[in-house]
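Residue-level structural notes
In case you want the letters, here they are:
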Amino acid sequence: GGQHACALARDLGMTTVLMHPYAGVLSAFGMGAADVREFGVATVLRPLDEDTLRDLAPALARLEEELRAKVLAQGIEAARIPPGRHQLELRYRGQSSTIAVGEPDAASVARWRLAFEDEHQRLYGHVFGGRDVEVAAARVEVTGTIEKATLPAQPERERRAEPVASRRVFADGGWHEAAIYERERLEPGDRFDGPAIVVEATGTTVVEPGWSARLTERGELMLEDRGVALSTQVAVIDRPNPVELELFNHRFAAIAEEMGAMLRRTALSVNVKERLDFSCAVFDGSGSLVANAPHMPVHLGAMSETVRCVLRDVPDLVPGDVVLTNDPFRGGSHLPDLTVVTPVFVADRSTPLFFAASRAHHAEIGGIRPGSMPPDSRTLEEEGVVLRPWKVVESGRPRLDQLRVLLTAGRYPSRAPDENVADVSAQIAANQLGVRRLLELEATVGREVSVAYMGFIQDAAQEKMRAALRRLGDGAYSFTDRLDDGAPIAVRIAVRDGGGVLDFAGTAPPLPTNLNANRAIAKAAILYCFRCLIDEDIPLNEGVLAPLEVRIPRSVLDPPSNDDPALAPAVVGGNVETSQRVTDVILGALGLAAASQGTMNNLTFGDETFGYYETICGGAGAGPGFAGADAVHTHMTNTRLTDVEVLESRFPVRVVRFEIRRGSGGGGEWRGGDGCRRELEFLAPLQVSILSQRRTTRPFGCAGGEDGASGRNTLYRGGERGGQGMDVGGVATFEVEPGDRLVIETPGGGGWGPASQSARNSLATSRNRPS
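Residues numbered from 1 in each chain as written. Predicted model: local features only at pLDDT ≥ 70, side-chain atom pairs only at ≥ 80, totals over all residues. Heavy atoms only, no water.

**Details of the overall build of the protein chain**
The helix and strand inventory of the protein chain stands at 14 helices and 33 strands. Relative to a compact globule of 771 residues, whose C-alpha radius of gyration would be 28 Å, the protein chain shows 30 Å and is just as compact. Each principal axis of the C-alpha atoms in the protein chain carries an extent, and together these give about 90 × 70 × 65 Å. Looking at the protein chain as a whole, 57% of its 771 residues are labelled buried. (Helix = DSSP H or I, 4+ residues; strand = E, 2+ residues; numbered from the N terminus. Rg over C-alpha atoms; globule rule 2.2 N^0.38 Å. Buried < 20%, exposed > 50% of the residue type's maximum accessible area, 1.4 Å probe, protein only.)

Structure (structure tokens):
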């Protein structure tokens, strides 16, 4: 740490650094000097009300006495043990994360709630008025204080310190002669200027040019910026500095990651907090994707289309505006994916300099089926509420009441508008954090530099993409695969001199079902696949697509739009299922990998009061030199499955079995990954929907590898425990009663290369092995 102290202070805008004499071993020193603390936690899971507080009082008193006894047992005198500190871990009903709140004065339900909401406002920027608060757990901390160690002070005698040697060092863009000092020879009051190096038994401190150092009366090394330290400004140049380019890559990506962490903390729904079905990214002033967090490929590749549609459809943007949309024909994906776009304005500019955006899948947005993923939808209206680009915050004034009106209007309104509003509020808060970070960066490095490096990042991605295409080699590559209904997805890729043309001629025309995918989704799949050609850690951004010309005829990948949702084609399955087939087809054409499971296995269930949604993992395709992974989310999805404990505590369902489906991956020199088997028992009357593919087709193998196994969805009624059950097919909606069970077996990935006979025998044995 001492080697980078001046540089870190400079980046943080600090001018003084204090180096403790035990800095190199400060952790060990701190453990010896620390008070003795004992913690206790009691699970509560009850509403914050008078009955709960009354019942907690004696329980907390008993817990405090137990902890006090533990502290006494460690040799701490009773006089050094003050009264214990009580906290409650509070959350709004429906949230999964908690906030630890210290006991207020004259504790009462009202005071606990006020303390909780003050902290919620401080952390997340909003509160949910009228929503019940619950006590997840109670905490007690008992501390035994110990006498603090102090550093002996010696009088300072101001003098210039004498170095013991010198060494050439590179700093501030050139070579310097740096004096070397031994810390044990320094005395209080000794001073010297950088560049210098201080060596000691437990560390090394670098004093950069423009900084000075002084040893204090307690032996601390005080580093001070003399006002001529290295500049934080990056010069505007025609070409990027490679080091700065890498730094800016990480700076922009870190902003998106921080936005994602904020969104997860502040959201209410299981879909966002547990499944992580959301994405955050930053864009330049034209709406081009610059950097993202490693979230959902199907979201990220399409979001730039959304930002550009916002620029087109909402031309009167001003500071404080935030735009909300989910329109698939204006850059959206499907209706459950709500996108919040926040422009970033700087002084003296009337147009946005940057954009921050977040997209989150809302498990309920209306439609003909709970969960808003209806397998049988035929029009956009049947899939839920359509929100065209609309200012959810106007000049800093939230319009959440109007949003609630929009969500509850129309033929098929949302079943959970309060949860929708809560998650949109979380998206707004996440974007606002991104806005603050972008403005801080612009203020630190300058407007011209921040804008220039946004362009440099995309230029660098373009050059890396061209290099990857040259390595791939000039030629024509083509592949065709089919959806389960027989609709072909075809691509022909022509690569020449670092550029490429993708032509989807031969792809099926628009479908009467909901497997239509708009151009933004097709673009997201293309961006993801070609990003995979670049074997470097760069942000997913618009530059990857620059060397590619994409030709998509009117087809299932570009259905005709209509401003009337009752006449617009259905698209909910295109986002989750057709996008997966596009990915497999492109990777198959380029010879990069066999097919993965090719589906997200979308499961929804609910009633008129709630909807739950999850995607289920399967097998990944193998490739030249690698086997496919077992039971993972592949390609265009990157979500988690809800933890069993959370799922069973929130919804009327029991997870009976969840395991790898052994032997379902295709054989080959490199085996495809196995799918999974997930069995759910329903505990209440519910409506269940499954939207999946690869139930009548199999994930293809490549280069002589075998196909992966198809998936299967089987329903067992009532107390039925034997027999075959009922195969409900890949696309189905049905009612269940308590005791009914659904078994979802997901596809395996395709294998790569011909398998040896011994491998075939081993594969046959594994497929015949009982689960």
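**Here's the deal with the packing of helix α8 (residues 400–407) against helix α9 (residues 417–445)**
Helix-helix packing: each pair is described by the crossing angle between the helix axes and the interaxial distance. As a packed pair, α8 and α9 sit with axes 10 Å apart at the nearest point and diverge in direction by 135°. Taken together, the axes of α8 and α9 are oblique relative to one another. When you trace α8 past α9, the crossing you get is right-handed. Only P417, D418, N420, V421, V424 and S425 of α9 make contact with α8, whose side of the interface consists of L400, L403, R404 and L407. Looking at the contact of α8 with α9 residue by residue, the classes come out as 6 nonpolar, 2 polar and 2 charged. (Axes fitted to C-alpha atoms, helices over the stretch in contact; angles between N-to-C directions. Parallel < 35°, antiparallel > 145°, perpendicular 65-115°, else oblique. Left-handed = near helix turned anticlockwise from the far one by under 90°. Contact = heavy atoms within 4.5 Å. Nonpolar A, V, L, I, M, F, W, Y, C, P; charged D, E, K, R; others polar.)

**Brief notes about the sheet that holds strand β2 (residues 36–47)**
If you walk across this open sheet you meet the 4 strands as β2-β5-β3-β4, and the pairing is antiparallel. Each edge of the open sheet carries a strand with a single partner, namely β2 and β4 (99–102). Sheet twist, expressed as the mean angle between neighbouring strand axes with direction ignored, is 25°. Note that strand β3 (residues 85–92) and β4 share 4 bridges and pair antiparallel. Counterpart to L88 in the pairing with β4 is V101. Strands β2, β3 and β5 (133–144) of the sheet are contacted by helix α3 (residues 50–72), whose axis makes an angle of about 160° with β2. (Pairing = 2+ DSSP bridges.)

**Section: the confidence of the model for the protein chain**
Taken over all residues, the pLDDT of the protein chain has a mean of 90, while the share at 70 or more is 95%. This stretch, residues 229–235, has a pLDDT under 50; its non-local contacts, to residues over four places away or in other chains, come to 19 contacts. Low pLDDT, under 50, characterises residues 764–771; the predicted model gives this stretch 13 contacts beyond four residues in sequence or across chains. (pLDDT = per-residue confidence, 0-100.)

**Some thoughts on the environment of T615**
Position of T615 among the secondary structure elements: in the loop between β26 (611–614) and α13 (644–650). The spacing of T615 and D11 is 604 residues in sequence and 42 Å in space, taken between C-alpha atoms. Side-chain polar atoms of T615 contact the side chain of R275, separated by 3.0 Å. (Polar contact = N/O pair within 3.5 Å; in protein donor to acceptor, adjacent residues only side chain to side chain.)

**Topic: the nonpolar core**
I493, F504, F530 and I586 are the most contacted members of the largest nonpolar core, which totals 65 residues. If you list the elements that add at least two residues to this core, you get β14 (278–284), α7 (297–313), β18 (354–361), α10 (447–472), β22 (488–496), α11 (519–531) and α12 (572–589). By size, the runner-up hydrophobic cluster in this structure holds 34 residues, among which are F252, V290, L353 and V445. (Core = buried A, V, L, I, M, F, W, Y, C linked by side-chain atoms within 4.5 Å.)

**Points about the pattern of salt bridges**
Where charged atoms from two side chains of opposite charge approach closely, those side chains can pair. This structure, assessed with the given rule, holds 62 salt bridges. For R218, the salt bridge identified is with E217, shortest N-O distance 3.8 Å. For R218, a relative accessible area of 37% gives the class partly exposed. Between R275 and D277 there is a salt bridge, and its shortest N-O distance comes to 3.2 Å. By relative accessible area, which is 3% here, D277 ends up buried. Among the charged side chains, a salt-bridge network with shared partners connects R657, E659, R677, E679, R712, R741 and E745. (Salt bridge = Lys/Arg side-chain N within 4 Å of Asp/Glu carboxyl O.)

**Brief notes about the packing of aromatic side chains**
Considering all chains together, one arrives at 14 aromatic pairs under this definition. Taken together, a centroid distance of 4.9 Å and an interplanar angle of 50° make the contact between Y22 and F29 tilted. Consider the rings of Y612 and F651, whose centres lie 4.9 Å apart with planes at 45°: the pair is tilted. One end of the pair, Y612, is in strand β26; the other, F651, is in the loop between α13 and β27 (653–661), and 39 residues separate them in sequence. Take Y612 and F651: they sit in the same class, and that class is buried. Among the aromatic residues, those joined into a ring-pair cluster are F605, F610, Y612, F651 and F682. In this structure, R251 is placed above the aromatic ring of F248, and the distance from its NZ or CZ to the ring centre is 4.7 Å. Over the ring of F658 we find R678; its NZ or CZ atom is 4.7 Å from the centre of that ring. (Phe/Tyr/Trp six-rings, centres within 6.5 Å; stacked < 30°, edge-to-face > 60°. Lys NZ or Arg CZ within 6 Å of the ring centre and 35° of its normal.)

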